[in-house]
Amino acid sequence: MKKINKILLFIIICLTFNIKALASSEELVITGGELGVDYTYEDGIVSINKSNSYEISMADGVEESRHQININYSDNLQNLTLILNNVNLKTDDVYNIKINYPNSFEDNLKINLILKGNNSLIAKNHPYNNTRNIGELTISSDGGTLTTEATAPPEGYNSFNSSKIIFESGDVTVKNQMITTTTGIYIKGGNLNVSGQEENLYTNGEIVISGGNTTLSSTSACSINMVGKNKPVDNNILKIIGDANLNITTKQTDSASIFSGTLGKSDILIDTTGKVNINSEYIGILLNKNGNMTINNGTLNINGPYYGIYTNGGSANSTVTINGGETEITSLSSAFVLSNATQKKVIFGDQYYHKNYHGTEMASRTEVDDDSLLNSNARANKYALITPAYNIEYDLGNGSLEEGKENPTKYTRVDTFTLNNPIPNDETATFIGWSGTDLEDLTENVIISENSTGNRSYKANYIKESGNDEEEPDNKENTNNIINPNTSFKYNPKINNIAKKFDNIKTSNNNIAYIVVITLSIISAFCISCILFLKKKKELR
C-alpha cells in the first residue's frame, strides 16, 4: 500500500510540474534585445523596458496565443520599433498590447509598428490600449496586414488611441473601435477600414488624408468628428489631399457623416485627384463654429442624406467655396442649408454650374444664396449638381443660325443636346455638315451626349452650286468652309490633308529630279574633260 501511495505521489508531482511548465511556456518568439535586460517574458506577459527594435512572431506549432505585450514608457524607452510577424493574439482580457506610463512623464514616446504577414489583435475592449492617449504611433507595412477587433466593446468610447497616429502603408482593419487622438490623425497610404457603432475618426486636432484608400462605417454616430478644442484655429482642419480616396457610410438618423468643429472651429479642404463618397442617413457634412469648406479638386459625391451640406447654430460666417473638381449632391430636402449663416452663400468658380432637380435652370453663378438654391416653385432642391462647364467654339463661316435658335457655348457632363445647323448666307450654297471634335467625317446631326467632357470646337461646311462666274472665296485656305462644287462624294476633311501630302511629295520629287540632273551633268562634263586631256597628251608623245 505504501508503495502504491509513493507511485501516486510521484505521478501527481510530475503532472503538477508539467502543468506549470505548460502554463509558463513561451508562445511568442522575440528577436532583438536581451531577455532579462531589455525585456522580460513571464506568466504570459512580454514586458518591453528599453528602446530597441523587437520582432515578435509565434512559436512553432502555436497558431493563437492569449499572451500579452506591455510597453513600459520611461527614460530608457522612448523610441521603439515593434515588428509583428504573423502574430495572432486573442484574449478575453481588456487588451493585447498595452502602453504603460509612470505617474510623471513627458509625452516623448514614439512607436514604429511594422507589419509582416497577417496579424490580428482580438481582445474584449481595447486590443491596442494606450491608457493615457499620448505618444506617437506610426504604422507601416513590410508586406503585412493588421486586424484589430473588440469582441465586447463597452458603451461609450472604445478606442485605438494615441496622441498622434500616422498610417504610412499596409492594410489595417479596425473593428468595433474608433481611432482617437489629441493632436492628429494622418493617413498617407495603404488601406484603412474602420467600422463600429461610435465615431470612426475622433480627434481634438487635425485629420490629414493625403493618400491611400480610407473606408469608414458607423451605425450609431458620425464617422469623422473634428472636436477642435486643443489646436489653434488655423491648424484645426480636415484635409483630403494628394491622391486620397475616402468612402463614408453612416446610418444614424440624427447625425452627420462629418462633424466639423464640435467644440471649436474646424475647416474642411478637399483638394485631391481621388474621390470622396459620402452615404448618410441624415446630413452629409455639418459645419460648426464658423467652419468653412473649400473644394479645389477631386470628385465629391454626397448621396441620400436629408441635407447635403448644413451649417449648424453659431456658424454665422460659414462659407462653402467650390473652385474646382466635381461635386454632386443628391438629397431628400436641400443640397445646401445655410440658414444660420449671415453670409448665406456658396461661392462657385467662374466655370461652374449649379443645376436643380427639374433641369429648368442652368445658370453660371459666382455666388448663390439660400433663395437661389430653391427651384422655380419655391420647393427646396431635391438634387443639386455643381460641375465644370466646358467651352464650345463655332466657326459658322458664311452662315448663321435661324432666328431664335442658338447653340450652347458651355456644357457639363450631364447635358445632352443636338447642335442647330446654320443656314448659308449665300443662296447658292448648301450646308453639308459639321467637322470638328470627335468627328471623323462630315456630320449633319451632331449630338453632345451625357458624360461628354472637355472643350470642343466645330466648323460648318457648305457646298456651292456650280456656275461659270463662281469665284473661290478669299478665306478658303483659312476656313475651308466652302467645298469644291464638282465634288461628287461626301466631303471628308481628311482628303484635303491627303491631297496636300501628295502635293508635298510631288514637289519634293521634282526637287530631287533637278538635283540628280545637275549632278549627272557635272559628272559628264568632268569625264569628257578627262578624256580630251588624255587624248591630247597621247598625241604629244
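## Observations regarding the overall build of the protein
Along the protein, the regular secondary structure elements total three helices and 47 strands. Residues classed as buried in the protein amount to 43% of the 541 residues present. Roughly 27,800 Å² of accessible area belongs to the protein as shown, and the carbon and sulfur atoms make up 49% of that amount.

## Structural notes on the environment of Glu444
Following the sequence through the fold, Glu444 ends up in the loop between strand S44 (429–436) and strand S45 (447–448). Here the alpha-carbon distance between Glu444 and Asn461, two residues 17 residues apart in the chain, equals 9.6 Å. Aside from chain neighbours lying at most four places away, what touches Glu444 is Asn421, Phe431, Ile432, Gly433 and Trp434.

## Considering the confidence of the model for the protein
Of the residues in the protein, 69% reach a pLDDT of 70 or more, and the chain-wide mean stands at 79. Predicted confidence is poor over residues 468–479, with pLDDT under 50, and the contacts of this stretch with residues over four places away or in other chains come to nine contacts.

## Observations concerning the pattern of salt bridges
Counted according to the given criterion, the structure contains eight salt bridges. Note that Asp142 is salt-bridged to Lys116, the shortest N-O span being 4.0 Å. Taken together, the residues Asp142 in the loop between strand S12 (136–141) and strand S13 (145–150) and Lys116 in strand S9 (residues 110–116) connect sequence positions 26 residues apart. By relative accessible area, which is 47% here, Asp142 ends up partly exposed. Taking the shortest distance from any N to any O, the salt bridge between Lys265 and Asp267 comes out at 2.8 Å.

Calculation criteria
Residues numbered from 1 in each chain as written. Predicted model: local features only at pLDDT ≥ 70, side-chain atom pairs only at ≥ 80, totals over all residues. Heavy atoms only, no water. Helix = DSSP H or I, 4+ residues; strand = E, 2+ residues; numbered from the N terminus. Buried < 20%, exposed > 50% of the residue type's maximum accessible area, 1.4 Å probe, protein only. Areas by Shrake-Rupley, 256 points an atom, 1.4 Å probe, with all protein chains shown as cover. Contact = heavy atoms within 4.5 Å. pLDDT = per-residue confidence, 0-100. Salt bridge = Lys/Arg side-chain N within 4 Å of Asp/Glu carboxyl O.

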